[in-house]
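Structure at a glance
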Amino acid sequence: MEAPVGGRVVAQGEGLVLRAPVPGDRSRMLEQAHDPVQLRHGQPAGVPVPSVIADLDDRVARSAQALADRTPGDLVVAEAADPALFLGSVSWRQDTPPLLRIADVGYAVHADARGRGVATRAVRLLSRWLLLDADGPGQARAQLEHSVENAASCRVALAAGYAREGVRRGFLPMCDPDHPDGVRRHDVCSHGLLPSDLA
């Protein structure tokens, strides 16, 4: 499948498409990265925030290659009716050995696309591709974590079908300009999803 303008589409449904990022997405990606809500709730310490559009060149190229290889990377979320328009992003990585086939999921929505269920629909679509799609990467489990202070992210995870599995205390160092060190460790809420949950 191909988007009329944009990268290769890997999944579609829920009124959305998930596709590879292309250079034309970079300005909206940069806006998303500097969104105050995103910075407040989703900026782990040590993860650089891009300053200019050119900072995203490598990320776009790496993600497009990762998609071709069915390895972890970032995907653009777009409306099915307008696959060129960047609404947000979903990503997956493997924090455990690849042999375990566990996908760690992340997501972010551009400020002007909020309030339309984009995050929930995109996470459901990504999860089906990861766990069930014959053309997907064939993962055995998907999981996601968020700060316990991020209630909106918890609602997204639950609405997307991820079971709440517990809390990891003091797990994630997050940027916090109000903290003396600029970093504060957050308790995180852990969620998991199995193929049988989707079937």
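Overview of the structure. (Residues numbered from 1 in each chain as written. Predicted model: local features only at pLDDT ≥ 70, side-chain atom pairs only at ≥ 80, totals over all residues. Heavy atoms only, no water.)

1. Observations concerning the pairing of strand β4 (residues 82-93)
- The sheet contact formed by strand β3 (residues 73-79) and β4 spans seven bridges and is antiparallel. Looking at β4, one finds that D74 is bridged to S91.
- Hairpin connection, β3 to β4: the antiparallel pair is bridged by two residues.
- Two elements, β4 and strand β5 (residues 102-109), share six bridges in a ladder whose sense is antiparallel. Each residue of the ladder has a partner; that of W92, found in β5, is V105. (Pairing = 2+ DSSP bridges. Helix = DSSP H or I, 4+ residues; strand = E, 2+ residues; numbered from the N terminus.)

2. Let's talk about the pattern of salt bridges
- Evaluated as defined, the whole model comprises 14 salt bridges.
- Note that R62 and D58 form a salt bridge whose closest N and O atoms lie 2.7 Å from each other. With R62 and D58 both in helix α3 (residues 57-69), this residue pair falls four residues apart, about one helical turn.
- When the shortest N-O distance is used, the salt bridge between R116 and E79 registers 2.5 Å. Taken as a pair, R116 in the loop between β5 and α4 (118-131) and E79 in strand β3 lie far apart in primary sequence, 37 residues in all.
- Among the charged side chains, a network of salt bridges with common partners joins E14, R124 and R128. (Salt bridge = Lys/Arg side-chain N within 4 Å of Asp/Glu carboxyl O.)

Nothing here speaks to function; it is all geometry.
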